[in-house]
Amino acid sequence: MSTMDVPSEAESELPASRPQARKNAAPGMTWVTLALMTTASVASLRSAPTMAVYGLACVFLYVVPALVFLMPTALVSAELASGWNGGVYRWVSEGLSKPLGFLAVWCQFAMTIFYYPSLLAYVASTIAYVIDPRLAGSGLYTAIVIMVLYWTGVWVSARGTKAVAGLSSWGLIIGTLVPGTVLVVLGLVFLGQGNGSAAPMNSSHLLPQWTGLASLVLIVNNFLSYSGMEMNAVHVSSLKNPAREYPRSMFLAMGLVLLIFILPALAISWVVPSDQLSLTAGVMQAFDAFFSHFHVGWLTPVVAVAVALVAAALGGMLTWLAGPSKGLLLISREEGYLPPFLQRLNKNGIQQNILVTQGVVTTAIALMYALIPNVSSAYWIFSVITTQVYLIVYLLMFTAAIRLRRTQPDHPRGYRAPALVPLCVLGLLASLAALAIGLVPSSQFGGGSVWAYIALVGGGLVVLGLLVPYLFLRLRKPGWRTPAAGPPAGPEGATADGGA
């Protein structure tokens, strides 16, 4: 969920290129192709400023969650996808219960409520470098941009427009690979000219400085950076030899993703001091510093336009907006989880009422950018809430995988994850640790009240991730069901993965 990078959908930085990666794979797909698809699904520049704060230690902070979270998620979801169609809803429903399956799908949808404000805050700060860089620190400006872009996306999505869907395939190239490569090359030339790095680059700074739990809090954001691996697990059956090729593909993807995450973060840390780094505008701060150094400052707004447009539209914000809500809709119409008002479709067959309701909540969240003095603090809070809500999905997935291996050991599986139970335990412990660490304020919270931070993050998790779905389940009525809507699981597990 790249978020929202996301996006995935669940997606993580619910990155913008994820919808393209989820198309049906052709039989006989090579493991290299799958690795590249996975890279496109996960990689994003949006989280680079967050880790650039730590300088060289960002390598450690990226590698650790890759080992304890990324790999367990990839391997476990591959086994589940190769045995049960329908994605996480089917996996959790079969392994645990249907209400918990709904909780998993709900959390995949709910995380986007916080994902889009954080994604669009990044876009707003990027656009600011075209207008006036000082606007990047304005909460009111950020709130206005979030609301305008989000409601524009709702307006377009409600009309069933499909023309922009093909643009998402350019998201990885234009929005990530090109600017990321340029950023790293500029950084290497900058250092090659004898300029000193803003962050120390020696062995004594390989590990984060330990000043208590707060010194490691930023690692929680990387769990969301790696989220969405379970989506590409649906392609495991397209490999000729899944047992051998899938792990190989995941290791290659992990290496590529780490390079895309780590190198731009390092480049930013070379030129922007950590105490001056904005979590939303960090990428453009680095470009601006490099371009000014090389006397080509006029390129800053050009890059800002490219990155902003790709992140906001071409990268898939519009094409992906309706995905998670459509998955929730299909499940809910079959099982009656949502009231008829939220199940209603417009003349184009789009779940407009869900999108509008989500938009009202998103607007309220966007206004918090205007109320919280430090934009980076607001960005960080919403990023953590996004991660907290999405981690519930993984807790359910890992638990369901263990139970399915024990209760249905003979169920046909195209791929069996090695040491599944230890992998699930590792993933569960990592997810629980991330949940706990997420409640500890980082330095980016700007010295605000610790209890206020815990109330915001913990309250967002409990209310949005647990209380709301509980109320839907508690209050649902038999008349809410619409069986004629079709099965809850679409091709590629679209309903469970949140995709269109």
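Everything that follows concerns the structure shown earlier in this document.
Quick summary incoming for the structure in this document. All of these numbers come straight from a predicted model, not from anything done at the bench.

**Describing helix α12 (residues 282-293)**
Part 1: Between its first and last C-alpha, α12 extends 16 Å over 12 residues, near the 16 Å set by a 1.5 Å rise per residue.
Part 2: Looking at α12, one finds that the buried residues are G282, V283, M284, Q285, A286, F287, F290 and F291.
Part 3: Backbone geometry just after α12 places H295 at a positive phi near 60°.

**Overview of the packing of aromatic side chains**
Part 1: One pass over the structure, following the stated rule, counts 11 aromatic pairs.
Part 2: Among the aromatic side chains, those forming a connected cluster through ring pairs are F102, W106, F109, Y337 and F472.
Part 3: Across the ring face of W31, the terminal group of R248 is positioned such that the distance to the ring centre comes to 5.2 Å.

**Focus: a nonpolar patch on the surface**
Part 1: A grouping of V462, V463, L466, L467, Y470, L471 and L475 is seen on the molecular surface, where their side chains present a nonpolar patch of about 610 Å² in accessible area.
Part 2: Residue placement: Y470 occurs in helix α20 (residues 450-475).
Part 3: Its relative accessible area of 43% is what places Y470 among the partly exposed residues.

**What to know about the side chain of S125**
Part 1: Structurally, S125 is set in helix α6 (residues 98-131).
Part 2: The contacts of S125, once residues within four sequence positions are left out, are A136, T280 and A281.

**Thoughts on the nonpolar core**
In globular proteins that are soluble, nonpolar side chains generally tend to be buried together.
Part 1: With 139 residues, the main nonpolar core has Y62, V76, W106, Y226, Y246 and I268 as its most contacted residues.
Part 2: Leave out the neighbours within four places in its chain, and Y246 touches L34, A74, L75, A78, A233, V236, L239, N241 and Y415.

**What about helix α7 (residues 139-157)?**
Part 1: The end-to-end C-alpha distance of α7, which contains 19 residues, comes to 27 Å, matching closely the 27 Å that a straight helix rising 1.5 Å per residue would cover.
Part 2: Every buried residue belonging to α7 is among G139, Y141, T142, A143, V145, I146, Y150, G153, V154, V156 and S157, and all of these are buried.

**A look at the pattern of salt bridges**
Part 1: With the rule as written, the count across this model stands at 5 salt bridges.
Part 2: Between E79 and R413 there is a salt bridge whose closest N-O contact spans 2.9 Å. In this pair, E79 is assigned in helix α4 (residues 58-83) and R413 in the loop between α18 (375-407) and α19 (420-437), connecting sequence segments 334 residues apart. The burial state of E79 is the same as that of R413; both residues are buried.
Part 3: Note that E335 is salt-bridged to K98, the shortest N-O span being 3.1 Å. Placement of the pair is E335 in helix α15 (residues 323-335) and K98 in helix α6, with a sequence separation of 237 residues.
Part 4: Note on K98: relative accessible area 43%, which makes it partly exposed.
Part 5: One salt-bridge network, held together by shared partners, links E79, R405 and R413.

**Observations concerning the packing of helix α5 (residues 87-95) against α6**
Part 1: The geometry of α5 relative to α6 is characterised by a closest axis approach of 7 Å and an angle of 155° between their N-to-C directions. Relative to α6, the element α5 is oriented roughly antiparallel. The two elements α5 and α6 cross, and the hand of that crossing is right-handed. Two secondary-structure elements touch here, α5 through V88, Y89, V92 and S93 and α6 through K98, L100, G101, F102, A104, V105 and Q108.

What counts, and at which threshold
Residues numbered from 1 in each chain as written. Predicted model: local features only at pLDDT ≥ 70, side-chain atom pairs only at ≥ 80, totals over all residues. Heavy atoms only, no water. Helix = DSSP H or I, 4+ residues; strand = E, 2+ residues; numbered from the N terminus. Expected span 1.5 Å × (residues − 1). Buried < 20%, exposed > 50% of the residue type's maximum accessible area, 1.4 Å probe, protein only. Phe/Tyr/Trp six-rings, centres within 6.5 Å; stacked < 30°, edge-to-face > 60°. Lys NZ or Arg CZ within 6 Å of the ring centre and 35° of its normal. Patch = residues over 30% accessible without salt bridge, like charges linked within 9 Å, V, L, I, M, F, W, Y side chains within 5 Å. Areas by Shrake-Rupley, 256 points an atom, 1.4 Å probe, with all protein chains shown as cover. Salt bridge = Lys/Arg side-chain N within 4 Å of Asp/Glu carboxyl O. Contact = heavy atoms within 4.5 Å. Core = buried A, V, L, I, M, F, W, Y, C linked by side-chain atoms within 4.5 Å. Axes fitted to C-alpha atoms, helices over the stretch in contact; angles between N-to-C directions. Parallel < 35°, antiparallel > 145°, perpendicular 65-115°, else oblique. Left-handed = near helix turned anticlockwise from the far one by under 90°.

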